[in-house]
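Coordinate inspection notes
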Amino acid sequence: MATDTRPAPHLDPAFSSATRPSRLTVGLRTFLPWQLVRFVVINLKMLRILWRNHHAH
Amino acid sequence: MSRIVVLGAGVAGHTAASFLRSWLGKDDSVVVVSPKPTYNWIPSNIWVGVGLMQPADVTFALAPVYERHGIDFRQARAVELHPEGTAEDPAPFVVAESTRAGHEGERESIRYDFLINATGPKLNFGATPGLGPDAGFSHSVCTETHAHETARRLDALVAEMKAGARKRFLVGTGHGACTCEGAAFEYIVNLEFELRQRGVRDRADIWWISNEYELGDFGMGGMHLSRGGYITPSKIFTESLFAERGLNWITRAHVAQVEAGRAHYETIDGAVRAFDFDFAMLLPPFAGVGLKAFDRAGADITPALFQPNGFMKVDTSYAPKPYEQWSAKDWPHTYQSPAYPNLFAAGIAFAPPHAISRPYQTPSGAPVAPAPPRTGMPSATIGKAVARSIVDMAGGAPGPTHRASMAEMGAACVASAGASLVSGTAASMTVFPIVPDFERYPDYGRDLRSTFGEVGLAGHWIKVILHHLFLHKARLRPGWRLIPE
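Small disclaimer: the values here were computed from a predicted structure and weren't measured. (Residues numbered from 1 in each chain as written. Chains lettered and ligands numbered in written order. Predicted model: local features only at pLDDT ≥ 70, side-chain atom pairs only at ≥ 80, totals over all residues.)

**Section: the overall build of chain A**
Within chain A one finds three helices and zero strands. Helices (α) and strands (β) of chain A occur, in sequence order from the N terminus, as α-α-α. Against the globule reference of 10 Å for 57 residues, chain A gives a C-alpha radius of gyration of 21 Å, more extended than a compact globule. Taken over the C-alpha atoms alone, chain A extends approximately 55 × 35 × 25 Å along its principal axes. Counting across all 57 residues of chain A, residues that qualify as buried make up 12%. (Helix = DSSP H or I, 4+ residues; strand = E, 2+ residues; numbered from the N terminus. Rg over C-alpha atoms; globule rule 2.2 N^0.38 Å. Buried ≥ 20, exposed ≤ 12 C-beta atoms within 10 Å, placed from the backbone.)

**Examining the interface of chain B and chain A**
Chain B puts 43 residues into the contact, and the matching count from chain A is 32 residues. Tallied by class, residues from the side of chain B that touches chain A come to 20 nonpolar, 13 polar and 10 charged. (Contact = placed C-beta atoms within 7 Å. Nonpolar A, V, L, I, M, F, W, Y, C, P; charged D, E, K, R; others polar.)

**Focus: helix α5 (residues 181-197) of chain B**
Each α-helix turn comprises 3.6 residues. Residues three or four places apart therefore point the same way. Residue and element names in this part refer to chain B. Between its first and last C-alpha, α5 extends 24 Å over 17 residues, near the 24 Å set by a 1.5 Å rise per residue. Within α5, 14 of the 17 residues are buried, which leaves the element mostly enclosed by the surrounding structure. Positive phi shows up at Gly199, right after α5, with a value of about 75°. (Expected span 1.5 Å × (residues − 1).)

**Observations regarding the pairing of strand β10 (residues 167-173) of chain B**
All names here are of chain B. For β10, the tally of buried residues reaches six of seven residues, placing the bulk of the element in the interior. Pairing of β10 with strand β11 (residues 204-209) involves six bridges; the strand directions are parallel. Paired with Val171 across the strands is Trp208, a residue of β11. Between the parallel pair β10 and β11, the chain is carried across by α5, and the sense of this crossover is right-handed. Relative to strand β18 (residues 279-283), β10 is paired through five bridges, and the arrangement is parallel. In the strand pairing of β18, Leu170 is matched with Ala280. (Pairing = 2+ DSSP bridges. Right-handed = clockwise from strand over helix to strand, strands pointing away.)

**A word on unusual backbone geometry**
Note: most residues except glycine have negative phi, and most peptide bonds are trans. Residues and elements named next belong to chain B. That bond from Phe432 to Pro433 is cis: its omega, -10°, falls within 30 degrees of zero. Phi at Cys180 takes a positive value of approximately 60°, unusual for a residue other than glycine. Tracing the backbone shows Cys180 in the loop between β10 and α5. Here Cys180 falls in the buried class, since 26 other C-beta atoms lie within 10 Å of it.

Structure follows, in C-alpha cells:
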C-alpha cells in the first residue's frame with residue numbers, strides 16, 4: 001500500500017485521551033430488538049419537544 | 001384583501017407561504033419570489049454528497065406545486081426593498097430580477113401589504129480566498145449541485161484508493177465565522193462510513209477542522225446530557241465518536257486560505273499551520289443576500305433595516321454588549337422589523353442578536369466565533385409563527401400575535417452517521433431551549449429532561465422517515481398540515 005510522504009498534520013492530544021465506547025455500547029447501537037425500543041423512545045422525546053414548542057407560544 | 005410577498009422558498013419561506021395560503025381567504029394573494037426553480041430538502045444533501053442519493057431525490061419543481069395550491073410564483077432574485085413606496089405612490093413594493101431562462105435580468109416591481117424576508121443565506125465562499133467549488137479548491141454540500149460534484153470527486157478518489165493510493169480528507173468549516181457545524185459533522189461521519197462500505201477505509205486519513213472551541217459545540221455552546229449517572233458535556237460524546245472512528249480533529253481554527261491541495265489555518269493560540277489534503281469539504285460562512293432598501297425619496301436606508309452582514313434586523317436590540325451580558329431574553333420573539341410593521345424576517349435571514357457560543361479570535365484578529373444555527377426546525381417554526389401573525393394582522397390585529405423565540409423553543413435534530421438500514425447509525429438529539437437560558441435553568445442553561453442525545457440505528461430509521469415525510473409535506477400533498485415542523 002502507498003504511504004503518505006507529506007508532513008503529518010498537527011494531532012490534538014485530546015485524541016489519545018478521548019472516551020471510547022465499550023463493545024456493549026457499540027453492539028447495542030445496531031442490535032435490532034434494542035433499537036426498536038429506542039425508536040419508540042426517541043420519537044416520544046421528539047414529540048415532547050414538539051408539544052412544548054406548540055404550547056410555548 | 002391583502003397581498004403577502006414571501007422572499008425565498010427554503011424551509012422558512014416555503015413553510016410560511018404554504019400556511020399563509022392555507023389560512024388566508026380567496027381574495028388574498030400569496031406571492032413567492034425565489035431565484036431557484038426548485039425546492040431543496042437540504043438536510044439530505046449529505047447523502048447526495050457521498051453518492052447515496054441523486055439531486056433529483058432531494059429536490060422538486062416549485063412552480064407546479066404552487067400553481068396547484070394558488071400561490072403566485074416568480075422565479076426571481078429580490079434586489080431592492082421600497083417599504084415606503086415612492087413619492088408618487090406610497091404602496092410598498094419589492095424589486096425582483098428574473099432568473100428564468102430567457103428572461104434573466106428583467107426587473108419587476110411587486111407590491112405588497114406584508115412581506116416576509118426568508119431569503120436564507122448568501123454562501124459567502126469569497127470570505128476565504130480559495131474556498132468553494134466554483135472559484136476555489138474545496139467542495140461543499142450546501143446545494144444539491146455542490147453535493148453532487150462532491151460525490152463525483154469522492155468517486156474518483158475511491159477509484160484511486162482501490163488501486164492502492166492513500167488519500168487525506170479534510171472536512172469542516174472554511175472560515176472562523178461559520179455556522180452549520182452540524183452539517184459538516186454529518187458529512188465527516190457519513191464519509192467515514194461510506195469509505196468503510198466501499199472497502200477503502202484503511203487507505204484514508206480523515207480530519208476535522210472547525211471554529212468550535214470544543215468538539216460538539218455546534219455553534220450553540222454545546223449541551224449537557226444526563227447519561228450513565230453523570231451530567232456530561234457533548235464534547236465527551238463527540239470526541240468519543242470521532243476517536244472510535246479514527247477521525248482526527250483540529251478545533252478553534254480559522255481557515256485563512258485554501259490552495260490546490262492545501263489549507264492554511266490559524267488557531268486561537270496563535271499557531272499558523274498548513275494542512276495538505278486530497279479532498280476538502282469545507283462549509284462557507286453565511287451572509288445576508290445583499291438586499292438594498294430605499295425610502296420614498298429614493299435614499300438608501302439599508303443600514304436601518306439590515307445589519308452590516310446583510311441579515312435583517314428584527315424585534316431585538318443590536319447594540320453591542322460583552323458576551324457575558326447577553327441573556328436569553330435578548331432573542332427576538334415576533335421577527336417584525338422595528339422600522340416597518342408590515343415587514344418580517346424568518347429563518348436564516350433574520351439577524352441574531354449575539355453568538356450562542358462564546359466568540360474568540362486569533363492573535364492576528366481573525367474571528368473564531370461560530371454563528372448561531374437557525375436552520376431546519378427553528379426556521380420552519382419561525383416561518384409558521386410569522387405567517388400566523390400576518391394572517392391575524394391582515395384580519396385587524398394591531399400587531400404580531402405569535403412568538404417563536406429561539407430561547408423559548410426546543411429543537412430536535414437527527415444527524416446521520418452512516419446510511420444503512422441494518423448497520424447505519426445516526427445521532428438523535430433534542431435540546432430545550434436552543435438558546436441557553438441561565439435564568440430558568442441556572443446550572444446548564446437547558447432543561448436536561450428535554451435535552452438528550454444518543455447514537456444508534458433507530459436514529460437512521462428516523463432520518464430516512466423524516467426525509468420522505470418532510471418532502472411529502474413540502475410538496476403540499478394530502479395531510480401536509482398534519483406533519484409538524
